[in-house]
Amino acid sequence: QVQLVESGGGLVQPGGSLRLSCAFSGSMFSIYPMGWYRQAPGKQRELVATITRTFITNYADSVKGRFTIARDNAENTVYLQMNSLKPEDTAVYYCNAQHPIARHDYWGPGTQVTVSS
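Residues numbered from 1 in each chain as written. Predicted model: local features only at pLDDT ≥ 70, side-chain atom pairs only at ≥ 80, totals over all residues. Heavy atoms only, no water.

Visitor: Teacher, can you tell me more about the state of the cysteines here?
Guide: Defined simply, a disulfide is a covalent bond joining two cysteines at their sulfur atoms. The full count for this structure, using the stated rule, is one disulfide. With its sulfur 2.0 Å from that of its partner, Cys22 forms a disulfide with Cys95. Linking Cys22 and Cys95, the disulfide has an S-S dihedral of approximately -80° and is accordingly described as left-handed. Taken as a pair, Cys22 in strand E3 (residues 18-25) and Cys95 in strand E9 (residues 91-98) lie far apart in primary sequence, 73 residues in all. (Disulfide = S-S within 2.5 Å. Helix = DSSP H or I, 4+ residues; strand = E, 2+ residues; numbered from the N terminus.)

Visitor: What am I meant to see in the pairing of E9 here?
Guide: The two faces of a sheet get side chains in turn, since along a regular strand they alternate between them. In terms of burial, E9 is largely enclosed, as six of its eight residues are buried. Pairing between strand E4 (residues 34-39) and E9: six bridges, direction antiparallel. Residue Tyr37 lies in a different strand from E9, and its bridge partner there is Tyr94. Bridging between E9 and strand E11 (residues 111-115) involves three bridges; their strand directions are antiparallel. Pairing of Ala91 across the sheet is with Val113, part of E11. Pairing analysis gives three bridges linking E9 to strand E10 (residues 105-107), with the strands arranged antiparallel. (Buried < 20%, exposed > 50% of the residue type's maximum accessible area, 1.4 Å probe, protein only. Pairing = 2+ DSSP bridges.)

Visitor: Teacher, can you tell me more about the sheet that holds strand E8 (residues 77-82) here?
Guide: Hydrogen bonds between backbone atoms are what pair the strands of a sheet, whose relative direction is either parallel or antiparallel. Taking strand neighbours across the sheet as the criterion, the four strands line up as E1-E3-E8-E7 in an open arrangement whose pairing is antiparallel. Both outer strands of the open sheet, strand E1 (3-7) and strand E7 (67-72), are each paired with one neighbouring strand and no more. Averaged over all neighbouring strand pairs, the angle between strand axes comes to 15°, with direction disregarded. Sheet topology note: the E3/E8 ladder contains six bridges and is antiparallel. Directly across from Cys22, in E8, lies its bridge partner Val78. (Axes fitted to C-alpha atoms, helices over the stretch in contact; angles between N-to-C directions.)

Visitor: Can you walk me through the pattern of salt bridges in this structure?
Guide: Close approach of charged atoms allows side chains of opposite charge to pair. Under the definition given, this model contains four salt bridges. Across the pair Lys64 and Asp61 runs a salt bridge, and its minimum N-O distance is 3.1 Å. For Asp61, a relative accessible area of 65% corresponds to the exposed category. Where Arg66 meets Asp89, a salt bridge forms, and the shortest distance between an N and an O atom there is 2.8 Å. One end of the pair, Arg66, is in the loop between strand E6 (57-59) and E7; the other, Asp89, is in the loop between E8 and E9, and 23 residues separate them in sequence. (Salt bridge = Lys/Arg side-chain N within 4 Å of Asp/Glu carboxyl O.)

Visitor: In this structure, what is going on with the nonpolar core? I would like to understand it.
Guide: Side chains of a nonpolar character, in soluble globular proteins, are inclined to be buried together. With 31 residues, the main nonpolar core has Leu4, Met34, Trp36, Leu80, Met82 and Tyr93 as its most contacted residues. The set of elements that each furnish at least two residues to this core consists of E3, E4, strand E5 (46-51), E7, E8, E9 and E11. (Core = buried A, V, L, I, M, F, W, Y, C linked by side-chain atoms within 4.5 Å.)

Visitor: Whenever I open this one, the packing of aromatic side chains confuses me. Can you help?
Guide: Aromatic rings in a pair are described by how distant their centres are and how their planes are angled relative to each other. For the structure on display, the rule yields three aromatic pairs. Grouped by ring-pair contacts, the aromatic residues Phe24, Phe29 and Tyr32 constitute a single cluster. One cation-aromatic arrangement involves Arg19 over Tyr79; the distance from NZ or CZ to the ring centre is 3.9 Å. Arg45 extends its terminal NZ or CZ atom over the ring of Trp107, reaching a point 4.0 Å from the ring centre. (Phe/Tyr/Trp six-rings, centres within 6.5 Å; stacked < 30°, edge-to-face > 60°. Lys NZ or Arg CZ within 6 Å of the ring centre and 35° of its normal.)

Dropping the structure here:
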C-alpha cells in the first residue's frame, strides 16, 4: 500500500516562490515514476512535471524554466520548486506515483496554491 501526502501550499504574490513536498509512504520508492499535477477551478487536471527512477525530468511548456522537480530517495520525498509564480498557476496541486509493474496510480489529497495580489 502506497500513501502520498503533499505539503507546502499557500498564498503568494505574483513573482514569488513556493516549494511543495510529497511524502511517500510504502516500499520501493526509488523505482516509482513520480509526478506533479494540478487542477484549477473549471479546468481539467493537467500534468506539471514528472521524474523517473533515473532522474530524467519532463515539464509542461507552461512551467519550463520556472519550476523544478526533484526526488530524494533517501527521504522518500519528491519536491516541486516553483519560482516566478503567475496568477494562472493557481490550482490544487497533486502528487502522483505510478506502480512500475501494475501501472496503478496513487494520488495524494492535494495542496492549494493561490497566486494573487
